[in-house]
Structure formats: C-alpha cells, structure tokens
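Architecture at a glance
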Amino acid sequence: MNNRKLLLIIYMAIIVLAIVLIITNKLNPVGYAYSLSDDLSVITIEEGYLTKEVYQFEVETSEALRIVLPITEANQLWELNVAIFALLVATFNLIYPKVIKPQTYSKWITAGFILLLIVLAAFHFNAHLELHRTISEIIHSSQ
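Reading the values: the criteria
- Residues numbered from 1 in each chain as written.
- Predicted model: local features only at pLDDT ≥ 70, side-chain atom pairs only at ≥ 80, totals over all residues.
- Heavy atoms only, no water.
- Helix = DSSP H or I, 4+ residues; strand = E, 2+ residues; numbered from the N terminus.
- Rg over C-alpha atoms; globule rule 2.2 N^0.38 Å.
- Buried < 20%, exposed > 50% of the residue type's maximum accessible area, 1.4 Å probe, protein only.
- Contact = heavy atoms within 4.5 Å.
- Areas by Shrake-Rupley, 256 points an atom, 1.4 Å probe, with all protein chains shown as cover.
- Lys, Arg positive; Asp, Glu negative; His and termini not counted.
- Charge placed at Lys NZ, Arg CZ, Asp CG, Glu CD.
- Phe/Tyr/Trp six-rings, centres within 6.5 Å; stacked < 30°, edge-to-face > 60°.

What the protein chain contains, in helices and strands, is three helices and three strands. In the protein chain, the order of α-helices and β-strands from amino to carboxyl end is α-β-β-β-α-α. In terms of overall dimensions, the protein chain is more spread out than a globule: its C-alpha atoms have a radius of gyration of 20 Å, far above the 15 Å expected for 143 residues. Seen along its three principal axes, the alpha-carbon backbone of the protein chain occupies a region of about 60 × 30 × 25 Å. For the protein chain, the residues scored as buried account for 27% of the 143 residues in total. In the protein chain, the proportion of contacts linking residues at least 24 apart, taken out of those at least 6 apart, comes to 56%. When the accessible area of the protein chain is evaluated, it comes to approximately 9,800 Å², of which 67% is carbon and sulfur surface. The protein chain carries 9 positive and 12 negative side-chain charges, and their two centres are separated by 29 Å.

Dropping the structure here:
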C-alpha cells in the first residue's frame, strides 16, 4: 500500500470519527442544542461547547418553533459543511496525482483549490455567526 492510499484511509477514518463525535455530542460552531418535552410545552436549551449552561423554558408551540428553527438550521448547516469539506478534500486528493499533478500549472490549481476552501469556510463562518446572533437574541428575549 503506497503512502497516498494510507493517508487517504487515515483521512477518511478521522472524518468518520469527527462526524460521529459531532452527531453524538450535538457539537456545532453555534454552541446551542435543544430538547423538547413530549408535549412540546418545555424546551431545554444547552449553550456552550464543553461546559454547557442549561436553560429551561415553558413555552407555547409557536414560541418553541421560533427557538428551535434557527438551532436546527445551524445544525443542518454544520453537517452540510462537514460533508462538503470532506468530499472536496477527498476528491482533490483522488484526482491530484493523475489529473492535476501532470499539469504545468498544478501549483496554481492547488492554490486555487485552497483559496476556494478558504472562501467557503469564510462564507459558512459568517453564516454561523449570524445564526449565533439570532439564537442568542431569541433565547435571551424568551427568558
């Protein structure tokens, strides 16, 4: 097994482990997670990454939706980010040796790819900041 295949296997193992940790621990860059009671009258919000502050509210269904929707949107955006970046990097690593490396401008193509990743990361980071602001405003206005 050559080094490239070994690195790809290690990369895929790290990505799978990261996805499992993100999903099981409800981690996202926004830092909010929620759970609803069975009758949808009580919502529990966890704020933070490692040490979490817990807020519990008695809410009506419409108020619960107002709180839950931005957190759900942040979770979906984060899962999409992880998938997009993992696929982009894996695809680039797969096509690099046979398609890009023989090109005379392979360094420019690689730099363009890295620039694309940086622009995507900046765009998604900004989206997460906006969602964090929205969620914070909603939660603190509900207290």
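Let's pick the thread back up.
Summed over the entire model, instances satisfying the criterion amount to three aromatic pairs. Relative to Tyr96, the ring of Phe92 lies with its centre 5.6 Å away and its plane at 40 degrees, an arrangement referred to as tilted. Of the two residues, Phe92 and Tyr96 are both situated in helix α2 (residues 61–100); the distance of four residues between them amounts to about one turn of the helix. Summarising the aromatic geometry, the rings of Phe92 and Phe113 are spaced 4.2 Å apart at their centres and angled 10 degrees between planes, so their arrangement reads as stacked. In this pair, Phe92 sits in helix α2 while Phe113 sits in helix α3 (residues 106–142), placing the two residues 21 residues apart along the sequence. According to the relative accessible area criterion, Phe113 is buried, its value standing at 14%.

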